[in-house]
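Residue-level structural notes
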Amino acid sequence: MVRVSRVQSGSIAEELEIRPGTELISVNGRELADFLDWEFLTADDTLTIDARLPDGTEVEYEIEREDGEPLGVELEPPTVRRCANRCEFCFIEGLPKGLRRNLYVRDDDYRLSFAYGNFATLSNLKERDIARILEYRLSPLYVSVHATPWEARKVLLNNPRVPNILEQLRLLAEGGIQFHAQMVIVPGLNDGDVLQQSLSDLWNFGDAVLSVAVVPVGLTQFSHLYTGKSMDRENATRLLEVTEQWAERAQRERGETWVHGSDELYLLAGRELPDAEYYGDFAQIENGVGAVTALRRRVREGVSELPRLDGKRIGVVTGASMAPLMPELLRQLTEATGAEFELIPTTNTLFGPTVTTAGLLVGADIRRALADRHDLDLALIPAETINENGMFLDDERFVVVREALPIPVYPSYDFIDVLVHEGEPHAAGAAA
Ligand code: SF4
């Protein structure tokens, strides 16, 4: 059963008097377990839907609709499948206490992997889940592989009951499912031979493995489970060497890069990031692979749209890892607008100084960075620091932080999104 949360006005569902709270029980005789069933079983244009209205009345709807006409039903969010592993490097285990509860949910859910690109280990997959993935062709999936040798993977996931990922991937690949894989690398555990073996195994899946991201382990000052070594420049350099050897082979034999080191890996190694062509369609940009290069491209292509802002002083808040890359971007922005940009590198007070990613700065960091900056005309902060409900990770609300600061503050993804509006009479920034 799935429950309706909203009915779109003017839709078929509204005409049928389906209301929020209505339980949708089956479609064409097949029971609904979750949003995937609803999504796939309602693909036909002739439907028989069994439902229970909020007052308990049972109803059967016979629906014939025009090709593709939406039913207009939104569902309550699904109960997330929890993770059965206990990785030492788990970022959620590295969260400080006292944050909002949903941040501590360790999801490992193939459904969210398909629907939203969340990475899943597949270690909690049952036979019926595999059957569903194949029946509904849930492809591509985003899979946290980390290591293909079984024993190494059990250690990494800290779970002796982990299934053999190679068998799982083979079964799914034979059914036409494709994957984006990630390998979070813990020095001494899955670098060296394990990494080579894993990349070789993934390569041998051919077209089924669409891309692989090699990501350095990321720890906070609260990562209490972690007993391994931290990632340093030397490790990062070695990992990039391996990654790039495989990438060269992939370019030669398949005409695409296939495996990428994450941006963080390049920054740790002190290496220049590759150009946009290297990232193809930026398949794992949400995973921090190619995000810096995409930003550079956006700025390069967007500066010509910007208004003149001569005389303005603009603060740019960022994390320590991005700070060295910013001067060149800010130089281009100054040249295009005439404004003076000041970089404000900011330390993460919630997770500790080892967490240098700009997108993980919290409300308290933004307050601290800008509290006394009366001298600026405005400031830009990383938009990734704020979720869809306008909250920072430390539960501060953006609107509250903004009100407390002496200057206008705008969340920005790429500078252009906000600055392009600055010349307008009532400039308000792009994403408030
Ligand atoms: S798979 Fe590992 S890293 Fe991911 S949520 Fe579970 S314990 Fe955390």
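Scanning the protein from terminus to terminus reveals 14 helices and 14 strands. For 432 residues, the compact-globule formula gives about 22 Å, and the C-alpha radius of gyration of the protein, at 24 Å, lands near that figure. Seen along its three principal axes, the alpha-carbon backbone of the protein occupies a region of about 65 × 55 × 45 Å. By the burial criterion, 51% of the 432 residues in the protein qualify as buried. Counted over contacts in the protein with a minimum sequence separation of 6, partners at least 24 positions apart contribute 68%. Total accessible area on the protein is roughly 20,600 Å²; 48% of this is exposed by carbon and sulfur atoms.

For the rest of this paragraph, the subject is the nonpolar core. Counting 109 residues, the largest nonpolar core has Leu 333 and Phe 415 as its most contacted members. With seven residues, the single largest contributor to this core is helix α8 (residues 233-254). Not counting the four nearest positions on each side in its chain, Phe 415 is found in contact with Leu 295, Val 299, Val 316, Met 326, Leu 329, Leu 330, Leu 333 and Leu 380. Ranked by size, the runner-up nonpolar core spans 16 residues in total, among them Val 317, Leu 376, Leu 405 and Val 409.

Inspection of the region around the ligand gives Cys 83, Asn 85, Arg 86, Cys 87, Cys 90, Arg 106 and Thr 121 as its neighbouring residues. Residues belonging to the shell around the ligand are distributed by class as follows: three nonpolar, two polar and two charged.

Take the environment of Arg 298 next. Here Arg 298 shows up in helix α10 (residues 291-302). Look past the residues within four positions of Arg 298 in its chain and what remains in contact with it is Glu 305, Asp 414 and Ile 416.

Inspection of the entire model under this criterion finds 33 salt bridges. With a shortest N-O distance of 2.9 Å, Arg 30 and Glu 135 are connected by a salt bridge. Note that Arg 30 is positioned in strand β3 (residues 30-31) and Glu 135 in helix α4 (residues 127-136), a separation of 105 residues in sequence. Judged by its relative accessible area of 45%, Glu 135 falls in the partly exposed class. In this structure, Arg 81 and Asp 129 form a salt bridge, with 2.7 Å as the shortest nitrogen-oxygen distance. Separated by 48 residues along the polypeptide, Arg 81 in the loop between β6 (73-75) and α3 (110-116) and Asp 129 in helix α4 bring together distant segments of the chain. Taken together, the shared-partner salt bridges connect Arg 3, Glu 23, Arg 52, Glu 58 and Glu 76 into one network.

It is worth spelling out the sheet that holds strand β14 (residues 409-412) at this point. As summarised here, the arrangement of the four strands in space is β12-β11-β13-β14, forming an open sheet in which the pairing is parallel. This sheet does not close on itself; its edge strands, each paired only once, are β12 (340-345) and β14. Strand-to-strand twist across the sheet, computed as the mean angle between neighbouring axes with direction ignored, equals 25 degrees. Where strand β13 (residues 378-382) and β14 come together, four bridges link them in parallel fashion. Note that in β14 the partner of Ile 381 across the bridge is Pro 411. Strands β11 (313-318) and β12 of the sheet are contacted by helix α11 (residues 326-337), whose axis makes an angle of about 160 degrees with β12.

A few words on the confidence of the model for the protein. Confidence in the prediction of the protein, expressed as mean pLDDT, is 94, and 98% of residues score 70 or more. Here residues 428-432 is modelled with pLDDT under 50, and outside its nearest four sequence neighbours on either side it reaches eleven contacts, counting other chains as well.

To continue, consider empty space enclosed by the protein. The final tally for this structure, using the stated rule, is one cavity of 30 Å³ or more. By volume, the largest cavity amounts to about 40 Å³.

Strand β2 (residues 23-27) sits mainly inside the fold: four of its five residues count as buried. Bridge analysis of β2 against strand β4 (residues 46-52) gives four bridges, and the strand direction is antiparallel. Of the residues in β4, the one forming a bridge with Val 27 is Ile 49. Bridge analysis of β2 against β3 gives two bridges, and the strand direction is antiparallel. Counterpart to Ser 26 in the pairing with β3 is Glu 31. Taking the residues that link successive antiparallel strands as the turn, the β2-β3 hairpin has two residues, and the phi of Asn 28 there is positive, at about 50 degrees.

Right, let's get into the packing of aromatic side chains. A complete count under the given rule lists ten aromatic pairs for this structure. Judged by centre distance (4.6 Å) and plane angle (5 degrees), the ring pair of Phe 40 and Tyr 136 falls under stacked. Separated by 96 residues along the polypeptide, Phe 40 in helix α2 (residues 35-41) and Tyr 136 in helix α4 bring together distant segments of the chain. For Phe 40, a relative accessible area of 28% corresponds to the partly exposed category. Given the relative accessible area of 7%, Tyr 136 is considered buried. Residues Trp 246 and Trp 258 carry aromatic rings whose centres are separated by 6.4 Å and whose planes lie at 45 degrees to one another, so their mutual orientation is tilted. With Trp 246 in helix α8 and Trp 258 in the loop between α8 and β10 (259-261), this pair connects stretches of sequence that are twelve residues apart.

Here is what the cut-offs are and how they apply
- Residues numbered from 1 in each chain as written.
- Predicted model: local features only at pLDDT ≥ 70, side-chain atom pairs only at ≥ 80, totals over all residues.
- Heavy atoms only, no water.
- Helix = DSSP H or I, 4+ residues; strand = E, 2+ residues; numbered from the N terminus.
- Rg over C-alpha atoms; globule rule 2.2 N^0.38 Å.
- Buried < 20%, exposed > 50% of the residue type's maximum accessible area, 1.4 Å probe, protein only.
- Contact = heavy atoms within 4.5 Å.
- Areas by Shrake-Rupley, 256 points an atom, 1.4 Å probe, with all protein chains shown as cover.
- Core = buried A, V, L, I, M, F, W, Y, C linked by side-chain atoms within 4.5 Å.
- Near = heavy atom within 4 Å.
- Nonpolar A, V, L, I, M, F, W, Y, C, P; charged D, E, K, R; others polar.
- Salt bridge = Lys/Arg side-chain N within 4 Å of Asp/Glu carboxyl O.
- Pairing = 2+ DSSP bridges.
- Axes fitted to C-alpha atoms, helices over the stretch in contact; angles between N-to-C directions.
- pLDDT = per-residue confidence, 0-100.
- 1 Å grid on protein atoms, 1.4 Å probe; cavity = no way out; pocket = protein on both sides within 12 Å on 5 of 7 lines; lining within 4 Å.
- Points joined across faces, edges and corners; volume = space filled by probe spheres on them.
- Phe/Tyr/Trp six-rings, centres within 6.5 Å; stacked < 30°, edge-to-face > 60°.

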